Amino acid sequence: MSQHSELSPDTLSVALTEAGIAVEYTDGREVFYHGVPAKVEGSHTTAPGKEVHVLVTDPTETEGVLVYVNDRTTADEIMEGTGVGRVFVDDGEETTLFPGVSVAAGSYRVTVDADPDVARGRVFVFEEDEMGERSVEVVGE
C-alpha cells in the first residue's frame, strides 16, 4: 500500500518563459507548465476534482517552492527527493502554505488566497487532470 504523507518543500530552480513555467526538481527532473498564466486578483478557486499545485517564487523569480495540494495519487517514495511539498486540507478547512499564501478546500475544489507582497514573490496555481491543464497567477488586489 502506498503511503501519502505531508511533505515540506525545498527550494527549486524556476524558469519563467514565454511558453510557460519550468520547475527543476532537486533530483534533476523537470516539469513544465504550459502557457502564460491568466492573472486573477486576490484568490483563485479551482474546478472540482483537479490536481492542484501551488508555486511561490522568490523575488528574483529564479527559485521557488512547489506544493501539491490534496495529492493522493503520488506515493511518498516517488515524491521524496524531488523537493516538492505536499499538504492535505480537509473539506471546509484552511491552512497556510507560506506567509501570504493559504489554501482552503470545499466541494472538491481548492481555493488559493494570496498576497504576493507578503509572500515576497509571485504566486502561481496550476490545475490539471487527464483532460488538460490551466494556470493562473494570483496578483494583489
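Parameters at a glance
- Residues numbered from 1 in each chain as written.
- Predicted model: local features only at pLDDT ≥ 70, side-chain atom pairs only at ≥ 80, totals over all residues.
- Heavy atoms only, no water.
- Buried < 20%, exposed > 50% of the residue type's maximum accessible area, 1.4 Å probe, protein only.
- Helix = DSSP H or I, 4+ residues; strand = E, 2+ residues; numbered from the N terminus.
- Pairing = 2+ DSSP bridges.
- Axes fitted to C-alpha atoms, helices over the stretch in contact; angles between N-to-C directions.

Asker: Please clarify how the pairing of strand β2 (residues 20-24) should be interpreted in this entry.
Answerer: A regular strand places its side chains so that they alternate between the two faces of the sheet. Burial of β2 is extensive: four of the five residues sit out of reach of the surface. Two strands pair when backbone bridges link them, and strand β1 (residues 12-16) and β2 are joined in this way by four bridges, in the antiparallel orientation. Across the sheet, Ser13 pairs through a bridge with Glu24, a residue of β2. Between β1 and β2, which pair antiparallel one after the other, the connecting turn spans three residues. From the end of β2 to the start of strand β3 (residues 30-34), which pair antiparallel, there are five residues, and Gly28 there has a positive phi angle of about 95°.

Asker: Please explain the sheet that holds strand β5 (residues 43-45) as it appears in this structure.
Answerer: The pairing of strands in a sheet comes from backbone hydrogen bonds and takes either a parallel or an antiparallel form. Pairing within the open sheet is antiparallel, and its four strands lie in the order β5-β11-β10-β9. Taken across any chain shown, the strands that pair with only one partner, and hence form the sheet edges, are β5 and β9 (94-98). Each neighbouring strand pair of the sheet contributes to a mean axis angle of 20°, computed without reference to strand direction. Note that strand β10 (residues 101-106) and strand β11 (residues 109-114) share six bridges and pair antiparallel. Of the residues in β11, the one forming a bridge with Val101 is Ala114.

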